[in-house]
Each structure stands twice: as C-alpha cells, then as structure tokens.
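Tertiary structure, described
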Amino acid sequence: MVPNIKLSTGQDMPQVGFGLWKVDNAICADTVYNAIKVGYRLFDGACDYGNEVEAGQGVARAIKEGIVKREELFIVSKLWNTFHDGDRVEPIVRKQLADWGVDYFDLYLIHFPVALEYVDPSVRYPPGWHYDGSSEIRPSKASIQETWTAMESLVGSGLAKNIGVSNFQAQLLYDLLRYAKIKPATLQIEHHPYLVQPELLRLAKTEGIAVTAYSSFGPASFAEFNMAHAAAITPLLEEATVTAIAAKHGKEPSQVLLRWATQRGLAVIPKSVREKYMQSNLASIEFDLEQSEIDQISNLDKGLRFNQPANYFPTEALWIFG
Ligand code: NAD
C-alpha cells in the first residue's frame, strides 16, 4: 500500500507515482492501464510529453473495467511555457482536461519558470521550446505573478484541486510566496544523489511545500540524449555505495534510490514501461534504510543537473538554473 503525503491544502498525494515523460504514444494507453493494475494511482503528465490523450485512454479503460474510480486516482499535469500569459492558462487547461477525458486535475504545475510567446495549439502541439519549431526562442512578457494568479483561478473554478510549481529555485519561490493567495502545494524538482539541493529542500519544508523528486535514477533517463556529462558519470544504478546498500538489504539499486528519497519525505514518480520495473519501483516503499546509509547516499552529491534546456539544444537564452 502506497502511503500518502498530506498537502498544505489538506489533500492526500500518493508518495510513489508514475512518470509519463517519454512514454511512446503507441504504448502509452496500455502502459497507464497496466500501471493502474499494478497499483499506481498517481500519474505525472504534461502538455509537453505529448501523450495526454493516450494516457487518458488508459485511465478510461481502467475506470470502465471497474479497476479504479476517478476519485481514487491522482492526475498531475503541467502548464507549458508558451501558455504563461494570464489569459492563456484556463483555455489550455480545458484542452488538457479534454485530452485526458477528466474534468479536474488533482495537481497542476507550472512546468518551468520560463514564459515563451504563445503558439496556437492548432499550429503545433505540444509547442516545444522553439517558436518556429526548430531554433528560435521567443520570450513572452508574462511574469510568474501573472501566471500564478491565473493558476489560482483554476482552483476557484474547480479545474485543479491543487496547484504547484516545477523547476523553481529558492529566489523565485521566495518572491512567489510574497504575493501568492494560494501557496504552491508541491515543488517538483530534479533530485537524485548526484543533485541533492539540500537548501531548496529545507526551504520547501519550512514553507510546507511537498517536494516531488523527478529523474530519481539520475543519468539513466538522459542516456538517450547524448549528454556528455550523463555518459561520463558512473550510472547511479551501478554506483558502488548504492549497490552495496542494495545488496545488504536484498533490494535493487533502483529501490534504494527511490527509498532514499521517500524516507526523507519526498514523493517519487519513476517511469518504466516494463511491468517488472513498475512493480519493483512501487515496492520500494516497503523497506527502510538506516540513517547512516541515507547519509552515505546524500554524500554522493555532485551538484550535477541533467534536465536543463542547454543540455538538449544550443541556446544562450535559457540559463534558468544559473
Ligand atoms: P527516471 O529517473 O524515472 O528514469 C527512467 C529510466 O530508468 C528509464 O530508462 C527506465 O527504463 C529506467 N528504469 C525505470 N525503473 C527502473 C528499474 N527499476 N530498474 C532499472 N531501470 C529502471 O526518469 P524520468 O522519466 O526522467 O523521471 C521520472 C518522471 O519525472 C518523468 O517520467 C516525468 O513524469 C517527471 N519529470 C519531470 C520533469 C520536469 O521538468 N518537471 C523533468 C523530467 C522528468
């Protein structure tokens, strides 16, 4: 049984969920359906993943077959950068809800603190980073305050039960907290033993913001992008400290990496299309590490970030983690 994290709104969020980034369209509906059968209840989607229609089909099939009810699921989606202008937020949320075939999101996040010029969904969807679809980065003038105010309206209109942010750093969070009428319920960040960000975690804890870790297996998710620093580093799933601790507990290194995060109170959203991995990732919650083991794993920190725009395409315009 997956435990819940109590959000500041009083609502429960499953601590282990399922990530939908890079789940191919052709298998996404079956993957979501299978993940529900395995026991996943939280699904982490986004406009940018381009598979919300198929994810919704998987959900619909599971509901139709009586495996799960809508209210037992926790569906997460994200606002893409090209929809930050205040008047663009609600229309795109309505489209994303229609894609999923549901009438509310349990959690809706600002995907990145980056406002780009609007691209009409009829022109290209998902729009991606580039205005012309290939190389031009064209900013919009929307401030995070403008976008957050529109996000707060989603709660008022019942389209999102909780709202939050992703890929925000401390300085921007402090600013947001000054004007937010509704505090972000969650902060979703890249978090693994090579990128621990302890001070950001302390800020979130102090402010009562739940943290969701993404890319828990570090370089594993980025191997396919030809990132030199992902290829050069020892894979976390093979790292000696992690594998030794796994052997001691009779667990998989992947389970140790997930438990290292959940035992410190974070939520995780591993992605796998293989049922064996789905099960093992979910079962990672069922054992405990010793504090000294948690500390050893935290000491692997290298401040090594994989998920940032300049690692995917050449740009001088998007140093958002600088
Ligand atoms: P991940 O850390 O979950 O790793 C996925 C990779 O690990 C895949 O190659 C998969 O085959 C492999 N894997 C999964 N389970 C395994 C196991 N038990 N043993 C061995 N290998 C295993 O990577 P991710 O997809 O980058 O992150 C998880 C989710 O986080 C995403 O799907 C997405 O929903 C979310 N995410 C959000 C952002 C953001 O900007 N907010 C960015 C990246 C990811």
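This text follows the structure it describes.
Residues numbered from 1 in each chain as written. Predicted model: local features only at pLDDT ≥ 70, side-chain atom pairs only at ≥ 80, totals over all residues. Heavy atoms only, no water.

Here we come to the packing of aromatic side chains. Inspection of the entire model under this criterion finds 13 aromatic pairs. Between Phe 105 and Tyr 108, the ring centres sit 5.6 Å apart and the planes meet at 10°, which makes this aromatic pair stacked. Take Phe 105 and Tyr 108: they sit in the same class, and that class is buried. Both rings, one in Trp 129 and one in Phe 313, keep their centres 6.0 Å apart while their planes meet at 55°; by these two values the pair is tilted. (Phe/Tyr/Trp six-rings, centres within 6.5 Å; stacked < 30°, edge-to-face > 60°. Buried < 20%, exposed > 50% of the residue type's maximum accessible area, 1.4 Å probe, protein only.)

For strand S5 (residues 74-79), the buried fraction is high: six of the six residues fall into the buried class. Both strand S4 (residues 42-44) and S5 contribute to a ladder of three bridges, which runs parallel. Counted as the bridge partner of Asp 44 is Val 76 from S5. As for the winding sense of the linkage, the β-α-β connection from S4 through helix H2 (residues 52-64) to S5 is right-handed. Pairing between S5 and strand S6 (residues 107-110): four bridges, direction parallel. In the sheet register, Lys 78 faces S6, and the bridge partner there is Leu 109. Once you follow S5 into helix H3 (residues 86-100) and on to S6, the crossover reads as right-handed. (Helix = DSSP H or I, 4+ residues; strand = E, 2+ residues; numbered from the N terminus. Pairing = 2+ DSSP bridges. Right-handed = clockwise from strand over helix to strand, strands pointing away.)

Attention now goes to the side chain of His 130. One can find His 130 in the loop between S6 and helix H4 (144-156). Apart from the residues within four sequence positions on either side, His 130 is in contact with Arg 124, Ser 135, Glu 136, Ile 137 and Phe 313. (Contact = heavy atoms within 4.5 Å.)

By themselves, these observations are geometric and do not establish any function.
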